[in-house]
Every structure is written in structure tokens, then in C-alpha cells.
Amino acid sequence: MQAVRQDPLLGSSETFNSFLRRAQQETQQVPTEEVSLEVLLSNGQKVLVNVLTSDQTEDVLEAVAAKLDLPDDLIGYFSLFLVREKEDGAFSFVRKLQEFELPYVSVTSLRSQEYKIVLRKSYWDSAYDDDVMENRVGLNLLYAQTVSDIERGWILVTKEQHRQLKSLQEKVSKKEFLRLAQTLRHYGYLRFDACVADFPEKDCPVVVSAGNSELSLQLRLPGQQLREGSFRVTRMRCWRVTSSVPLPSGGTSSPGRGRGEVRLELAFEYLMSKDRLQWVTITSPQAIMMSICLQSMVDELMVKKSGGSIRKMLRRRVGGTLRRSDSQQAVKSPPLLESPDASRESMVKLSSKLSAVSLRGIGSPSTDASASDVHGNFAFEGIGDEDL
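Residues numbered from 1 in each chain as written. Predicted model: local features only at pLDDT ≥ 70, side-chain atom pairs only at ≥ 80, totals over all residues. Heavy atoms only, no water.

Our next topic: the overall build of the protein chain. Scanning the protein chain for helices and strands turns up eight helices and 15 strands. Looking at the 388 residues of the protein chain, the share that counts as buried comes to 47%. Pairs at least 24 residues apart make up 66% of the contacts formed inside the protein chain by residues separated by at least 6 positions. For the protein chain, the accessible area works out to roughly 20300 Å², and carbon and sulfur atoms hold 49% of it. (Helix = DSSP H or I, 4+ residues; strand = E, 2+ residues; numbered from the N terminus. Buried < 20%, exposed > 50% of the residue type's maximum accessible area, 1.4 Å probe, protein only. Contact = heavy atoms within 4.5 Å. Areas by Shrake-Rupley, 256 points an atom, 1.4 Å probe, with all protein chains shown as cover.)

In this model helix 5 (residues 136-152) runs 24 Å from its N-terminal to its C-terminal C-alpha over 17 residues, within 8% of the 24 Å that 1.5 Å per residue would give. Of all 17 residues in helix 5, 14 are buried, a share of seventy percent or more. If you check the start of helix 5, you find a side-chain oxygen 2.9 Å away from the backbone N of valine 137, and it comes from asparagine 135. Phi for glycine 153, located one or two positions after helix 5, is positive at around 85°. (Expected span 1.5 Å × (residues − 1). Polar contact = N/O pair within 3.5 Å; in protein donor to acceptor, adjacent residues only side chain to side chain.)

Turning our eyes to something else, we now look at the pairing of strand 4 (residues 91-96). Here strand 3 (residues 78-85) runs beside strand 4; their pairing, made up of five bridges, is antiparallel. Within the sheet, the bridge partner assigned to phenylalanine 81 lies in strand 4 and is lysine 96. Where strand 3 folds back onto strand 4 in an antiparallel hairpin, the turn is made up of five residues, including glycine 89, whose phi is positive at roughly 90°. (Pairing = 2+ DSSP bridges.)

Right, let's talk about the environment of glutamate 300 for a bit. With respect to the element layout, glutamate 300 can be found in helix 8 (residues 287-305). Take glutamate 300: its relative accessible area is 11%, and that puts it in the buried class. Once the C-alpha coordinates of glutamate 300 and tyrosine 123 are considered, the two residues, 177 residues apart in sequence, prove to be 7.6 Å apart. A polar contact is formed between the side chain of glutamate 300 and the backbone nitrogen of aspartate 125, at a distance of 2.7 Å.

Orientation of helix 5 relative to helix 7 (residues 174-181), taken along the N-to-C sense of each, is 50°, at an axis distance of 10 Å. On the basis of their axis angle, the class for helix 5 and helix 7 is oblique. Taken as a pair, helix 5 and helix 7 cross one another with a handedness that is left-handed. Contacts between helix 5 and helix 7 involve Leu139, Asn140, Leu142, Tyr143, Thr146, Val147 and Ile150 from the former and Lys174, Lys175, Phe177, Leu178 and Ala181 from the latter. In terms of residue class, the contact of helix 5 with helix 7 is built from eight nonpolar, two polar and two charged. (Axes fitted to C-alpha atoms, helices over the stretch in contact; angles between N-to-C directions. Parallel < 35°, antiparallel > 145°, perpendicular 65-115°, else oblique. Left-handed = near helix turned anticlockwise from the far one by under 90°. Nonpolar A, V, L, I, M, F, W, Y, C, P; charged D, E, K, R; others polar.)

This part covers the environment of tyrosine 128. Assignment of secondary structure puts tyrosine 128 in the loop between strand 5 (115-121) and helix 4 (129-133). Judged by relative accessible area, which is 9%, tyrosine 128 ranks as buried. Between the C-alpha atom of tyrosine 128 and that of isoleucine 310, which follows or precedes it by 182 residues, the distance is 8.4 Å. Contacts of tyrosine 128, omitting those with residues within four sequence positions, involve Tyr77, Tyr123, Glu300, Lys304 and Ile310.

A few words on the nonpolar core. Val64, Leu68, Tyr77, Leu80, Leu119, Leu141 and Phe177 are the most contacted members of the largest nonpolar core, which totals 48 residues. Two domains each donate at least three residues to this core, and these are domain 1 (13-122) and domain 2 (124-188). Those residues within four positions of leucine 68 in sequence are excluded, and the remaining contacts are Leu41, Val47, Leu119, Val137, Leu141, Gln329 and Val331. Val118, Val208, Val280 and Val298 belong to the second largest nonpolar core, which has 39 residues in total. (Core = buried A, V, L, I, M, F, W, Y, C linked by side-chain atoms within 4.5 Å. Domains from an automatic or database assignment.)

Right, let's talk about the packing of aromatic side chains for a bit. The final tally for this structure, using the stated rule, is nine aromatic pairs. When the centroid spacing of 4.8 Å and the interplanar angle of 75° are considered together, the rings of phenylalanine 199 and phenylalanine 231 count as edge-to-face. Note that phenylalanine 199 is positioned in the loop between strand 7 (195-197) and strand 8 (204-211) and phenylalanine 231 in strand 10 (residues 226-232), a separation of 32 residues in sequence. The residues phenylalanine 199 and phenylalanine 231 share a single accessibility class, namely buried. (Phe/Tyr/Trp six-rings, centres within 6.5 Å; stacked < 30°, edge-to-face > 60°.)

Attention now moves to unusual backbone geometry. Cis rather than trans, the peptide bond between phenylalanine 199 and proline 200 has omega equal to -5°. Despite not being glycine, arginine 111 shows a phi value in the positive range, around 50°. Note that arginine 111 resides in the loop between helix 3 (103-108) and strand 5. According to the relative accessible area criterion, arginine 111 is exposed, its value standing at 69%. Notably, aspartate 203 is not glycine yet its phi reads approximately 55°, a positive angle. Take aspartate 203: it is sitting in the loop between strand 7 and strand 8.

Closest axis-to-axis distance for the helix 6 (residues 159-170)/helix 7 pair is 8 Å, and the angle between their directions is 160°. Relative to helix 7, the element helix 6 is oriented roughly antiparallel. The handedness of the crossing between helix 6 and helix 7 is left-handed. From helix 6, Gln161, Gln164, Leu165, Leu168 and Gln169 reach across to helix 7, where they touch Glu176, Phe177, Leu180 and Ala181. The residue makeup of the contact of helix 6 with helix 7, split by class, is five nonpolar, three polar and one charged.

The end-to-end C-alpha distance of helix 8 is 27 Å, a good match for the 27 Å that 19 residues give at a rise of 1.5 Å each. Listed in full, the buried residues belonging to helix 8 are Ala287, Met289, Met290, Ser291, Cys293, Leu294, Met297, Val298 and Glu300. Count one or two residues on from helix 8 and you reach glycine 307, which has phi positive near 85°.

Right, let's talk about empty space enclosed by the protein for a bit. Taken as a whole and judged by the stated rule, the model has five cavities of 30 Å³ or more. Mapped onto the lining of the largest cavity, the elements with two or more residues apiece are strand 5 and helix 8. Counting residues per element, the lining of the largest cavity draws most heavily on helix 8, which supplies four residues. Taken as a whole, the second largest cavity holds about 50 Å³ of empty space. (1 Å grid on protein atoms, 1.4 Å probe; cavity = no way out; pocket = protein on both sides within 12 Å on 5 of 7 lines; lining within 4 Å. Points joined across faces, edges and corners; volume = space filled by probe spheres on them.)

Below is the structure:
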């Protein structure tokens, strides 16, 4: 009888995840029991699933997929995100739920109705849409997400494009609708709340979007129209997230005096031109989520570069099987697009070549960070001036 050799890395990873799961559950003092958990789709549709309080992210994702009748081999194309619902109904993304997390514990421990769990596609390259659109449920999920992103203004649409999209909606031509949407600027991007960056000048108000292997910064310089600057992931040598707590006015803290909120910064070292690297810093409460997006874009690029595929079956646990839901729920078709918002402005590129932009000299970020805090980028590519 041949012995079966267990991968030590896989075993240690599962053991570590199990430890983190127990730690989260014990810290919040949540007993293991069956509960109902609400998960939202991008269009706001509610999906109620029965899970255990001790279920990890992949367990909950599996339950949602079963409820929607999404095939097992498409589960890996979607992820669960923790979001905060703002007063206008828009979602502010907090973070992607990690494998070791217990979604029920994560969302209930915040003790606020503002926090929700949302299902959204987990990949960046629109070429993978073809895999998802082969299935009816996958197609409906992509369609609902895209309509929602257009309505929020995340996807940039001209009046003519808006008219074409609405015409396709009226014909219920979902695939053709998505094909047209794929050609639009910021299709499939994740938009963050307004924040501040030191590009192209200090304390510049910006809106950051992540997608298509880049970070996009929308900004308005004094006396100018809305502009956009793009930073390609393949030109980022490394990045890091740092946190600090500002001292009260006067510069010193004393017993009994409150301290300010934690200040988060995402800083990345960018190849502006051949042999010229420069730090760019974004100050945002969502800096961690931005870093997660960068890492997932790099991971996807590396998989594609190696000839691999993101198509994957959800891991089956020993002695267990994929749970299927007794009752299933259809993805509701979103309403027709409303008339485009007249207040939304068109954008112009800040520059076709970042090297031509007049940038303030930026030194290394003032906050020190250890080597373990820096995320090296294996997709980083050296370039020549002719490529900029």
C-alpha cells in the first residue's frame, strides 16, 4: 500500500487558518450555532443564507452560490466583501473577507447596521468574463453589477454610449450590453471614497479607482476641468501601508486626553521614467483595501504570465461535500438605466506620458516601515523612455 504524502505547506496553512478562526470566534465569545446571514448583491438584492457562526468565508461563499444556483466551477470568480452602506445607499468598501475569517462574526462584531457583506466578482481582467457569461446565473450577476456600477458613476459613460446601453437593455440583450460595457473606461473598476494624495501636488483631493492593472486618480487642479492620472501596477516596484495616530493640538499627549483617529497611508514607488523611481502617497481610510486590490492584480498578472487560469473548484474539506441549498433564489434583473447625470463631467487624461507631468519632487515617505511591511512586486517591469 502506497503512503500518501501530505503537502506540509498546505497542512500548515490549514492549521494556521483554523487557529485564526478559533481565535476570532473565542475573542468575540460567539458560540457555534446555525444562523441566518444576509449577503447583498451589487444591485442591493438581499440573499439570505443559513450558515454556522463558525463558518469561514469559503463556506459562506459556497452557501450563497448554492442559493443562487451558481455552478461550483464559477465560485472562485466571486468574493465576499465587507462594506459600509452610506446614507445615499452607496457602498464604501472596507476590505475583502479573507479565507480564515468568519463572516458572521466579522460583520456582527462591528455592532452597526451600516456594515454589510456584498458579493462581487473577484477578478480584474475582463477576458475572464467569457467564462462567467457561459452560465445564466453568472451572466445575470455580471449584468446586475455592471448596471449598478454605471448608475453609481463608477463606469464612465458618454450620452451616446448611455443611449446604446439603454437600447440593449430594452431588448434584454445582456451579453451585448456587457460587450459594450467592456469597452468603457473604468469597466470592472472598484472606486474608493474621496481622499488625498501628493500627486501631482501636496494635499491634492482625489478619487481613486482600481482596475485593469492600474490605480486611477481623478482630480481637479485649481481652475481646470476634471483630470485623470493612471499608475500601472507593472511600474510599481513596491508599496506599503503605514498607520499613525495624530497627536492632539500642541503636539503632546497627556493622560485623559483623546487621541485622533488612525491615519492610514498607501505609498508606492513608481517608475516615472527609465532609472527614475518616485514615491506617491495616498492618504485614505481605505488604504488597506487599496493594497489588497494591488496584490490581487499582481497575483492575477503572474497567473496569466505563467499560463495558468483562475478557474478553480472550491476546496472540499475532508469528510464533507459541497452543500446545496434546499431553496434557490434568482438574480433579479435591474431596472433600465436612468438618464445620465448632467452634473457628471467628462475627464481628460492628465497626460499621455506621466514623465511629461510636472510633478513635485517626492522623497521617501516620512513614516519608517520595516522590510516586512513592504510589498515587493513580482510583476514589476523595467521600461525604457520609449515605453512611457
